[in-house]
Amino acid sequence: MLAETLRHLEALVSFDTRNPPRAIGTGGIFDYIRAQLLGFRVEVVDHGDGAVSLLAVRGAPRRLFNVHLDTVPDSPHWSADPFKLRVAGDRATGLGACDIKGAAAGLLAAAQATRGDAAFLFSSDEEANDARCIPGFLAGDHGFLEAIVAEPTRCEAVLAHRGISSVRLRFRGSAGHASGAGALQANALHQAMRWGVRALDFVQAQDHQRFGGLTGLRFNVGKVEGGIKANVIAPEAEVRFGFRPLPSQDIDQLHTRFGGFVEAGALERYEETFRGPSLPAGDVAEAEDRRLQARDLADALGLPIGNAVDFWTEASLFSQAGLTALVFGPGDIAQAHTADEWVALDQLEAYADVVARIMTQ
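Per chain, residue numbering runs from 1 following the sequence as it is written. Local features in a predicted model are, by the rule used here, given only for residues with pLDDT of at least 70; side-chain atom pairs are given and counted only at 80 or more, and totals for whole chains, interfaces and linings are based on all residues. Derived side-chain values reflect all non-hydrogen atoms in the structure, with water molecules and hydrogen atoms excluded from consideration.

S.K.: Lay out the nonpolar core with the relevant residues and their values.
M.R.: Definition of nonpolar core: a set of buried residues of the types Ala, Val, Leu, Ile, Met, Phe, Trp, Tyr and Cys, connected through side-chain atoms within 4.5 Å. For every residue, the accessible area (1.4 Å probe, protein chains only) is compared with the maximum for its type, and the residue is labelled buried under 20%, exposed over 50%, or partly exposed between those bounds. Of all hydrophobic cores here, the largest spans 55 residues; its most connected members are L9, I33, L37, F120, F122, L303 and L326. Helix and strand assignments come from DSSP, with helices taken as H or I runs of at least 4 residues and strands as E runs of at least 2, each series counted from the N terminus. If you list the elements that add at least two residues to this core, you get helix 1 (2-14), helix 2 (29-36), strand 2 (51-58), strand 3 (63-68), helix 3 (97-113), strand 6 (118-123), helix 8 (284-301) and helix 10 (345-359). Sort the elements by how many residues they give to this core and helix 3 lands first, with 10 residues. Contacts are assigned to residue pairs with any non-hydrogen atoms lying within 4.5 Å of each other. What L9 contacts, discounting residues up to four positions off in sequence, is L85, A92, A97, K101, G102, A105, V343 and L348.

Quick look at the structure:
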């Protein structure tokens with residue numbers, strides 16, 4: 001299984017599926033996957049702007065394996081060609097090898113080694129704040145009851161993770177000479193700073209919140225822009241920030257709090273640019289019920305259960321749609337998005353073996 005998985009991974013890594021620029025079409029990597037899945041009914045859907053999905057079904061399964069094929073861009077710090085897989089020692093190195101083409105290669109190897117019912121959904125837009133493939137698939141009449149979503153979890157079943165929300169926040173000021181007495185209030189950047197202090201204090205006060213091993217509210221101001229020069233009152237400012245709530249925290253209520261920290265008259269625009277639900281999705285009671293269902297699924301499949309994680313995955317979209325969903329894949333998230341990204345060979349082998357075993361149950 002390892003040799004076949006590496007053969008497929010070498011091919012998958014060679015395809016440029018960086019996102020951005022998400023210049024991904026229905027050919028290329030999707031032609032390769034289609035050619036490997038003989039005996040499967042295959043449907044390829046172009047959702048536009050480089051978002052492509054491939055659904056492959058053999059038999060009449062009720063369980064779906066999902067994996068994304070897009071990668072983050074490579075950086076100048078790579079020591080060799082990121083599109084050429086290098087296997088040395090105990091690891092395989094290449095762009096996307098860990099996140100998460102290694103799982104895609106394992107699925108192909110398992111499919112070719114078995115004859116049982118199976119369903120795979122490959123997608124190409126997970127690394128962008130513009131999810132189309134999974135929502136488009138879930139909007140149709142798919143008939144699946146369970147979803148196993150591949151992300152780097154060291155071959156442990158992850159049952160819970162945070163949600164995610166990204167925001168563009170614009171502040172309004174009044175341009176003028178910085179010597180004026182009104183500069184403290186009129187300056188949009190000053191308003192942004194005051195907002196930031198209130199937001200940080202609020203986030204720190206959430207440290208006592210807990211769900212499934214996760215604690216507190218994750219928050220980050222990623223970008224601040226505005227102003228003209230030191231002696232000019234800034235007439236406008238923009239802050240890009242994001243937060244990652246626990247499954248027990250309501251995203252809309254958090255937006256109300258963050259928006260309420262802007263002083264009267266200073267808010268020009270508050271825009272959520274991306275939202276992903278927590279895993280499990282739903283209110284507190286629903287989330288706990290769905291977590292228990294996912295735990296039962298992991299136990300039935302003989303998967304070791306790992307800790308909840310802070311990173312977001314599209315498993316939450318399946319959970320939100322009513323499927324029992326968990327995250328399970330090879331590799332360590334610490335290697336994802338790094339230069340010379342790698343995945344351990346024993347992780348690849350273990351993942352392919354587990355998938356093959358599940359497909360024969």
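S.K.: Before we move on, could you go through the sheet that holds strand 13 (residues 267-276) and cite the residues and values that matter?
M.R.: At least two DSSP bridges between two strands are required for those strands to pair. Pairing in this open sheet of four strands is antiparallel, and the strands run 11-12-8-13 from one edge to the other. The open sheet has two free edges, formed respectively by strand 11 (218-226) and strand 13, since each of these has just one partner strand. Strand-to-strand twist of the sheet, defined as the mean angle between neighbouring strand axes without regard to direction, takes the value 15°. Pairing of strand 8 (residues 164-172) with strand 12 (residues 236-244), which is carried by eight bridges, proceeds in the antiparallel orientation. Across the sheet, residue R168 finds its bridge partner in strand 12, namely R240. The axes are straight lines fitted to the C-alpha atoms, using for helices just the contacting stretch, and the angles between their N-to-C directions are given from 0 to 180°.

S.K.: Go over the sheet that holds strand 7 (residues 146-149), please, and point to the residues and values.
M.R.: Spatially, the six strands line up as an open sheet ordered 1-2-6-3-7-14, and their pairing is mixed. What marks the edges here is a single partner per strand, and that holds for strand 1 (41-48) and strand 14 (324-327). Neighbouring strand axes in the sheet, compared pairwise and without regard to direction, differ in orientation by 15° on average. Relative to strand 2, helix 2 is tilted by about 0°, and along the sheet it contacts strand 1, strand 2 and strand 6.

S.K.: Go over the layout of surface pockets, please, and point to the residues and values.
M.R.: Definitions used throughout: a 1 Å grid over protein atoms alone; a cavity as a set of points that fits a 1.4 Å probe which cannot get out; a pocket as an open set with protein on both sides within 12 Å along at least five of seven lines; a lining residue as one with an atom within 4 Å of a point. Grid points are joined across faces, edges and corners, and a volume is the space filled by probe spheres set on the points. Roughly 660 Å³ of internal volume is contained in the largest pocket. Lining the largest pocket are 29 residues, with N129, I164, R244, W312 and H337 positioned closest to its centre. Here the lining of the largest pocket gets five residues from one element, more than from any other, and that element is strand 12. Ten residue types, Ala, Val, Leu, Ile, Met, Phe, Trp, Tyr, Cys and Pro, are classed as nonpolar, four, Asp, Glu, Lys and Arg, as charged, and the remainder, Gly among them, as polar. Of the residues in the lining of the largest pocket, the class split is 12 nonpolar, eight polar and nine charged. Computed from the structure, the second largest pocket encloses a volume of approximately 380 Å³. I251, R275, P277, S278 and Q320 are the residues nearest the centre of the second largest pocket, which is lined by 20 residues in total. Within the residue set of the lining of the second largest pocket, elements represented by two or more residues are helix 7 (251-260), strand 13 and helix 9 (315-320). With three residues, the single largest contributor to the lining of the second largest pocket is strand 13. When the residues that make up the lining of the second largest pocket are grouped by side-chain class, the tally is 10 nonpolar, six polar and four charged.

S.K.: Hey, could you go over the environment of V239 for me, with residue numbers and the actual values?
M.R.: Within the element layout of this structure, V239 appears in strand 12. Under the relative-accessibility criterion, V239 is labelled buried at 2%. Sequence separation between V239 and S75 is 164 residues; the distance between their C-alpha atoms is 26 Å. In this structure V239 touches V167, R168, L169, F171, A192, W195, V221, K223 and V224, once residues within four positions along its chain are discounted.

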